[in-house]
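This is what each chain is made of:
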There are 2 protein chains.
Amino acid sequence: MPKDLDFYFDVGSPASYLAWTQVPRLARETGATVHYRPMLLGGVFQATGNHSPMEVPLKSRWMKDDLGRFARRYGVEYRHNPHFPINTLMLMRAAMGLQMHEPQRLVPYGDAVYRAIWVDARNMNDPAEVGAVLSQAGFDPGALLALTQDPEVKDQLKSATQAAVARGVFGAPTFFVGGQMFWGQDRLDFVKEALQ
Amino acid sequence: MPKDLDFYFDVGSPASYLAWTQVPRLARETGATVHYRPMLLGGVFQATGNHSPMEVPLKSRWMKDDLGRFARRYGVEYRHNPHFPINTLMLMRAAMGLQMHEPQRLVPYGDAVYRAIWVDARNMNDPAEVGAVLSQAGFDPGALLALTQDPEVKDQLKSATQAAVARGVFGAPTFFVGGQMFWGQDRLDFVKEALQ
C-alpha cells in the first residue's frame, strides 16, 4: 500500500525548519511519499484565531531553548533569527510558483531559504538579502520575483492556505497521514508510527 | 549529587494530568526528588498574556486527539471532560492548603481530583460533585472547604503563582531541573535526560 505524507510548512516557522530537515530521513525510513504543501502561516493564524507562540514573551524565550534542544537531538544547525518575525508572503509565493512550474526545484529552494533564515540568520525581510541568498543558491531572483506577482500563483497560495485550514490546520508544521493530523516538529515520532 | 525535579501543575490542565501519571515513574527511574508546585494556571495566563490552547477551536479539536495518543503511549486512561474548562481556584487552594498543613496528603488528593476530571469526566465546577469525589477518596470536604477560605492559603497560592511566572512559567505542566525549564508533558523525555 503506498504511504503518503502531507507536509504543510511556511519558511518563517523555526519548527517547520526543524521538520524540513527531518522529513527526507523519515521518508527514507518509512518508504513514504512526501507531498510538500506550501501555505502562508500568517493567513492560517488569521483564519483560525491562532497566534504565533512568539507573541508571549516568556513562551518565546523558552521556545528558543526548546528548538535548540531538538536541533541538537536531530544533529542539525539552528540559530535564532534576530530579524524574526519574517514576512513570508513573497517567499511562500515563490515556493508555490516553483511547485506549479518547476516542482523539482521546490526542495532546493526550501533548503536555501530555510538555511538562510534558521542557520545563517540572514535578514530575509530585506529584498536585497533575499536576492543575494537566491542567486548564491543558483536561482534567478528576477524570475522568482516575477512568479510572486503572477495572479495564478497568488491565488494558488491563498486557496492552498484556505484548504489547509478547512482540513484542520491551525499552525506549522502540520502533517497528515490519511485522516490523522499531527501538529509540530515534536510529533514526528507519532508521524513515523502512523506511516509504519 | 541529589537530583531535584520541580513540577508545576494545575488540576484543570489535561496535559498536567498526563504528566502527573508519569512523574512517579520518572522519579523512580532517575532517583530524583519531586517537588510538587501547585499554581493557578488562570493566574499564569493572566500574568503572561498566554491563553489556553482550547480557545482556538481547531487547536482544541486536535489536542483531544493528541492527548489521547499520549495517553495510549503511556498506558493510562484519559477522557476529555465535557465540563471543561474547570474553574480550579478552589481545587488548587485546597491543594496548596494540604501542602502547607498535611503535605503527605497532596499526592492522594491530586490523584483523586485528576482522576475525577480526566478519567471519570466529573463536573468539578459543581461543589456537590467535588464534595462527593473528595468524600469517596477519604477526605473531609468541609475541612478542605475551610482551607480554601484561609487567608494564608489564599495568599500562598497567589504568591506561588507569581513566583512561578517570575521563574519563567507561562503554561502547565512546567518542569525545572536546575536552571533548565521544560514546558509540556511532551517534554518528559528531555526532563529525563536532564535528570540522568
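See the structure shown above.
Within each chain, residue numbers correspond to sequence positions counted from 1 in written order. Numbering of ligands from 1 and lettering of chains from A proceed in the order in which they are written. Residue-level local features of this predicted model are given only where pLDDT is at least 70; pairs of side-chain atoms are given and counted only at 80 or more, and the full residue set underlies all totals for whole chains, interfaces and linings. Calculation of side-chain values draws on the structure's entire complement of heavy atoms; hydrogens and water are dropped beforehand.

Talk me through the relation of the copies chain B and chain A; I want residue IDs and the actual numbers.
For the least-squares superposition of copies, only C-alpha atoms count, and only for residues with pLDDT at least 70 in both. When chain B is fitted onto chain A, the two copies agree to an RMSD of 0.0 Å after a turn of 180° and an axial shift of 0.0 Å. Such a combination of rotation and displacement between the chain copies is what one expects of a two-fold axis. Across chain B, the smallest distance between a C-alpha and the rotation axis is recorded for B:Asp186, namely 4.1 Å. Here, two residues are considered to be in contact whenever any of their heavy atoms come within 4.5 Å of each other. Taken together, the interface assignments show that 100% of the residues at the interface of chain B recur at the interface of chain A, consistent with an identical surface on both copies.

Describe the environment of A:Pro38, listing the residues and the values that go with them.
Residue and element names in this part refer to chain A. Numbering of helices and strands runs from the N terminus, with a helix taken as a DSSP run of H or I at least four residues long and a strand as a DSSP run of E at least two residues long. Tracing the sequence through the fold places Pro 38 in strand β2 (residues 33-38). For the pair Pro 38 and Gln 99, spaced 61 residues apart in sequence, the C-alpha separation works out to 8.6 Å. Leaving out residues up to four positions away in the same chain, Pro 38 has contacts with Phe 9, Met 92, Ala 95, Met 96, Gln 99, Leu 157 and Ala 160.

Could you give me a rundown of the interface of chain B and chain A, with the residues and numbers involved?
The interface is formed by 27 residues belonging to chain B together with 27 residues belonging to chain A. A side-chain nitrogen of Lys or Arg and a carboxyl oxygen of Asp or Glu constitute a salt bridge if their distance falls within 4 Å. Our count for the chain B to chain A interface comes out at eight salt bridges. Here A:Arg187 makes a salt bridge to B:Asp66, at a shortest N to O gap of 2.7 Å. At the level of secondary structure, the elements contributing two or more residues to the side of chain B that touches chain A comprise α3 (57-74), α8 (151-167), β4 (180-183) and α9 (188-195) of chain B. The leading source of residues in the side of chain B that touches chain A is α3(B), at nine residues.

Lay out the sheet that holds β2(A) with the relevant residues and their values.
Residues and elements named next belong to chain A. Here a strand pair is declared whenever DSSP counts at least two bridges between the two strands. Reading across the sheet, the four strands line up as β2-β1-β3-β4 and stay open at both edges, with mixed pairing between neighbours. Taken across any chain shown, the strands that pair with only one partner, and hence form the sheet edges, are β2 and β4 (180-183). Each adjacent strand pair in this sheet contributes to an overall mean axis angle of 20°, direction not counted. For strand β1 (residues 4-9) and strand β3 (residues 174-177), the ladder comprises three bridges, and the chain directions are antiparallel. Pairing of Tyr 8 across the sheet is with Thr 174, part of β3. Helix-sheet contacts for helix α1 (residues 14-30) involve β1, β2 and β3, and the interaxial angle to β1 is about 165°. Lines are fitted to the C-alpha atoms to define the axes, a helix being fitted only along its stretch in contact, and any angle between axes, read from their N-to-C directions, falls within 0 to 180 degrees.

Could you give me a rundown of the pattern of salt bridges, with the residues and numbers involved?
One pass over the structure, following the stated rule, counts 25 salt bridges over all chains. Here B:Arg187 and B:Asp186 are joined by a salt bridge, their closest N and O atoms 3.4 Å apart. By sharing partners, the salt bridges in this structure join A:Asp66, A:Asp186, A:Arg187, B:Asp66, B:Asp186 and B:Arg187 into a single network.

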